[in-house]
Amino acid sequence: MKRLFLSLLCFAVAISLCACTSKETVQESSFIRLESMEELREYLSQEPAEVAMSFTAEEEPIYVPNEEQVSGEFNADLSEIVLDNNNFYFRFKVRDANLNLANEYDPTNGALSEEESIDSEMARACSEDLMIGWQRNSNGEDVLNALAESNPLYYWEEHPGYYYTTSPYNGMEDPLGYMIYWVQDSHFFQASVPAEKLDIFWENCETMIGDLL
């Protein structure tokens, strides 16, 4: 059976849990869900004693995608921001996503064997969700190496420093999307990119992420 890439699964599950739960409940389960960059700024500006994860602007930069650039280049809208301990996840919904391929992965139509099938919700997420994440307070190279030890990663020859897997299954010839990993400013970054937006990602990857403050 082809291996469903666990990082993508965990990424999507974390987002789904947040989307189906109230903000108060999410906070109790260690997730913080925010709806805009303004909410993120407000959250990070609170006194550390009042903030569950004790973020302070003076400690180090807080990296965020350039919302205007991502929205314009990817034709996508910011859907939510999820903070999970030291992990920041920014989810954008692609407005012009082609869901025809995703619909072929519906397990009821026989496109995949019973062992390989995934639900249509996961297939749609691969096709229309652009997610960018990074990890704070850790050595990016160590995180990337640990990930490579536990999961098969491919090195992107045309883009030195970037690694990837395909989604929803690793090693697909025609994937619905890609999970991409890299180190920037010593931090570990990752992105879930629909296959149709891959070229746009490469055109913008070096400029679309910056410091919030």
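These figures come from a predicted structure and were not determined experimentally.

A.B. asks: Explain helix 7 (residues 140-150) to me, and be specific about the residues and the numbers.
C.D. replies: Turning to helix 7, its buried residues are G140, V143, L144 and L147. Looking down the long axis of helix 7, one finds its buried residues gathered within 95° of arc, a one-sided arrangement. Away from the buried face of helix 7 by more than 90 degrees, exposed residues D142 and E149 are located.

A.B. asks: Could you give me a rundown of the confidence of the model for the protein, with the residues and numbers involved?
C.D. replies: Mean pLDDT over the protein stands at 78; residues scoring 70 or higher make up 70%. Mean pLDDT across the elements of the protein bottoms out in helix 2 (residues 23-28) (38) and peaks in helix 8 (residues 198-204) (97). This model gives residues 1-29 a pLDDT under 50, and the stretch forms 54 contacts once residues within four places in sequence are excluded. In this model residues 106-115 is a low-confidence stretch, pLDDT under 50, and it forms 13 contacts with partners more than four residues away in sequence or in other chains.

A.B. asks: Account for the environment of D84, naming residues and giving values.
C.D. replies: Looking at the secondary structure, you find D84 in strand 3 (residues 76-84). We classify D84 as buried; its relative accessible area is 16%. Among the polar contacts listed, one links the side chain of D84 to the side chain of N85, at a separation of 3.5 Å.

A.B. asks: Provide a residue-level description of the pattern of salt bridges, including the pertinent values.
C.D. replies: A side chain with one charge may pair with a side chain of the opposite charge, provided their charged atoms come close. The full count for this structure, using the stated rule, is nine salt bridges. Its salt-bridge partner being R33, residue E80 comes within 2.6 Å of it at the nearest N-O pair. Residue E80 is located in strand 3, and its partner R33 is located in strand 1 (residues 31-34); the two are separated by 47 residues in the primary sequence. Between D96 and K197 there is a salt bridge, with the nearest N and O atoms lying 3.0 Å from each other.

A.B. asks: Any chance you could break down unusual backbone geometry for me, citing the residues and the numbers?
C.D. replies: A cis amide bond links S167 with the next residue in sequence, P168, at an omega value of 10°. Following the sequence through the fold, P168 ends up in the loop between strand 7 (163-167) and strand 8 (177-184). The phi dihedral of N137 falls on the positive side, at around 60°, and the residue is not glycine. A positive phi angle is found at S186, which is not glycine, with a value near 70°. One can find S186 in the loop between strand 8 and strand 9 (187-194).

The rules behind each value
Sequence order as written defines residue numbering, which begins from 1 separately in each chain. Thresholds applied to this predicted model are a pLDDT of at least 70 for local features of residues and 80 or more for the giving and counting of side-chain atom pairs; totals over whole chains, interfaces and linings are not thresholded and use all residues. With hydrogens and water stripped out, all remaining heavy atoms of the structure feed into the side-chain values. Burial status follows relative accessibility: with a 1.4 Å probe on protein chains alone, a residue under 20% of its type maximum counts as buried, one over 50% as exposed, and anything between as partly exposed. Note on conventions: DSSP H or I runs of at least 4 residues are helices, E runs of at least 2 residues are strands, and numbering of each starts at the N terminus. By construction, the arc corresponds to the directions joining the helix axis to the C-beta atoms. Every residue carries a pLDDT, the predictor's confidence in it, which falls somewhere between 0 and 100. Contacts were defined at the residue level, with two residues in contact if any of their heavy atoms lie within 4.5 Å. Under this definition, polar contacts are N or O atom pairs within 3.5 Å; protein pairs additionally need one hydrogen-donor-capable and one acceptor-capable atom, and for neighbouring residues in sequence, both atoms have to be side-chain atoms. A pairing counts as a salt bridge when a side-chain nitrogen of Lys or Arg comes within 4 Å of a carboxyl oxygen of Asp or Glu.

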